Amino acid sequence: MIVNIFKKKKITVDCFTYHTAVKELFPIKEIKYFYPEWFKKLKETYTQKSEGENSIEFERSTMKMCEGFRNHYSHGFIIPLWSDLIIDVKKDQGYNFLFSSQKDILGHIEHHNHNEYGNMFNKFIHGKIITPWMLKEKSGVKFMWTEPRWNTVKYWDKLNVVPGTVIYNTQHTAHINMFVNNKTQKINLNAGQPIVHLVPLTEYDVEIKTHLLEKKEYEKMQDLDNYASKFVGKYKYKEKVIT
């Protein structure tokens, strides 16, 4: 038997949810499936005229041929919104929210105490969208968590999903931290809207597998992540114990 010692290692990310509709209709998938509609409609070139009295028409490339853009959509995967969501913001008062699916799935937005992030963000209001997903990955690869900005152009002046770097071998939540602009506004987000771009920081290939769990089994996974064993540093403590 010949063993290929040069075979490239593969990283597997297991994504768990407890609702069939979330898994089947709005699965976590590779970002290559989420090119923005405006980008799909864009032509590869446009016509420009040279300067001067005897101008000549010539072709120039658009973003459709931008390697930086194309490379961006070849790495990582997307968590899409699984429900329509309305965030009704009242300036200096906070916000109310409504998920279209909240009779079927726990739809909730939490917020952190403002003392956690000081006075830098007084023009914004914090929110954390609780997702119906738990993620597991065994090796401890880091993932850069960021907003898929090219997919959220129409929300740039309304809300921002904030970045971070996470691991999924010692913690498994996939909740979405964001700041909404502190002004009176109604933000309408549609089901299927790409809301998070997770980029694996590894040279290895990454595959995504989605799984449907019974609600009780899903809640068992949540118990380990949500348990507040310490006032400060619970994740670091758990990482030390588990690894």
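In case you missed it, the structure is sitting above this.
Residues numbered from 1 in each chain as written. Predicted model: local features only at pLDDT ≥ 70, side-chain atom pairs only at ≥ 80, totals over all residues. Heavy atoms only, no water.

A. Layout of the packing of aromatic side chains. Applying the stated criterion to the full structure yields 18 aromatic pairs. Between Phe143 and Tyr168, the ring centres sit 5.7 Å apart and the planes meet at 55°, which makes this aromatic pair tilted. Of the two residues, Phe143 is situated in strand β11 (residues 143–146) and Tyr168 in the loop between β13 (164–166) and β14 (176–181); the sequence distance between them amounts to 25 residues. Grouped by ring-pair contacts, the aromatic residues Tyr35, Trp38, Phe39, Phe69, Tyr73 and Trp150 constitute a single cluster. The lysine or arginine in question, Lys29, covers the ring of Tyr33, its NZ or CZ lying 4.4 Å from the ring centre. For Lys215, the ring lying beneath its charged end belongs to Tyr18, and the centroid distance is 4.8 Å. (Phe/Tyr/Trp six-rings, centres within 6.5 Å; stacked < 30°, edge-to-face > 60°. Helix = DSSP H or I, 4+ residues; strand = E, 2+ residues; numbered from the N terminus. Lys NZ or Arg CZ within 6 Å of the ring centre and 35° of its normal.)

B. Expanded view of the nonpolar core. One finds Ile79, Ile87, Leu135, Trp145 and Leu198 to be the most contacted residues of the largest nonpolar core, which totals 42 residues. The leading source of residues in this core is strand β1 (residues 10–17), at four residues. Apart from residues lying up to four places away in sequence, Leu135 is in contact with Val13, Asp14, Cys15, Ile28, Phe77, Tyr168, Gln171, His172, Ala174 and Leu198. Within the second largest apolar cluster, six residues are counted, among which are Ile31, Phe39, Phe69 and Ile78. (Core = buried A, V, L, I, M, F, W, Y, C linked by side-chain atoms within 4.5 Å. Buried < 20%, exposed > 50% of the residue type's maximum accessible area, 1.4 Å probe, protein only. Contact = heavy atoms within 4.5 Å.)

C. View of the sheet that holds strand β17 (residues 205–212). Strand order in the open sheet formed by three strands is β10-β1-β17, and the pairing between neighbours is mixed. At either margin of the open sheet sits one strand with a lone partner, and together these are β10 (134–136) and β17. Each neighbouring strand pair of the sheet contributes to a mean axis angle of 20°, computed without reference to strand direction. Two elements, β1 and β10, share three bridges in a ladder whose sense is antiparallel. What sits directly across from Asp14, in β10, is Lys136. Packed on one face of the sheet, helix α4 (residues 215–226) meets β1 and β10 and runs near 75° to β10. (Pairing = 2+ DSSP bridges. Axes fitted to C-alpha atoms, helices over the stretch in contact; angles between N-to-C directions.)

D. Inspection of the sheet that holds strand β8 (residues 108–110) at higher detail. Strand order in the open sheet made by the four strands is β8-β9-β14-β12, with antiparallel pairing throughout. For this open sheet the edge positions go to β8 and β12 (159–161), each flanked by a neighbour on one side alone. Taking the axes of each pair of neighbouring strands and ignoring which way they run, one obtains an average angle of 35° across the sheet.

E. Region of the structure containing the pattern of salt bridges. Inspection of every chain in the model, using the stated rule, returns eight salt bridges. Salt-bridge contacts for Glu147 lead to Arg149; the nearest nitrogen and oxygen are separated by 3.5 Å. Look at Glu147 and you get buried, because its relative accessible area is 5%. Judged by relative accessible area, which is 32%, Arg149 ranks as partly exposed. For Glu207, the salt bridge goes to Lys209, with nearest N and O atoms at 3.9 Å. With relative accessibility at 39%, the residue Lys209 sits in the partly exposed group. (Salt bridge = Lys/Arg side-chain N within 4 Å of Asp/Glu carboxyl O.)

F. Region of interest: unusual backbone geometry. Even without glycine at this site, Asp92 takes up a positive phi of about 65°. Looking at the element boundaries, Asp92 is found in the loop between β6 (85–90) and β7 (94–99). By relative accessible area, which is 61% here, Asp92 ends up exposed.

G. Representation of the side chain of Ser101 within the structure. As for its position among the elements, Ser101 is in the loop between β7 and β8. Residue classification places Ser101 among the buried residues on the basis of a relative accessible area of 11%. Filtering out sequence-adjacent residues up to four positions away, Ser101 remains in contact with Trp82 and Ser83.

H. Structural context of the pairing of strand β9 (residues 124–130). With six of seven residues buried, β9 lies mostly within the body of the structure. In this sheet, β9 lies alongside β8 in antiparallel orientation, the contact comprising three bridges. From the neighbouring strand, His108 faces β9, where its bridge partner is Ile130. The sheet contact formed by β9 and β14 spans six bridges and is antiparallel. For His126, the partnering residue across the bridge sits in β14 and is Phe179.

I. Expanded view of the side chain of Thr17. Tracing the sequence through the fold places Thr17 in strand β1. The class for Thr17 is buried, based on a relative accessible area of 0%. A distance of 2.7 Å separates a polar side-chain atom of Thr17 from the backbone oxygen of Pro132. Among all residues touching Thr17, those that are not within four sequence positions of it are Val22, Lys23, Pro132, Trp133, His211, Leu212, Leu213 and Tyr218. (Polar contact = N/O pair within 3.5 Å; in protein donor to acceptor, adjacent residues only side chain to side chain.)

In short, geometric facts, not functional conclusions.
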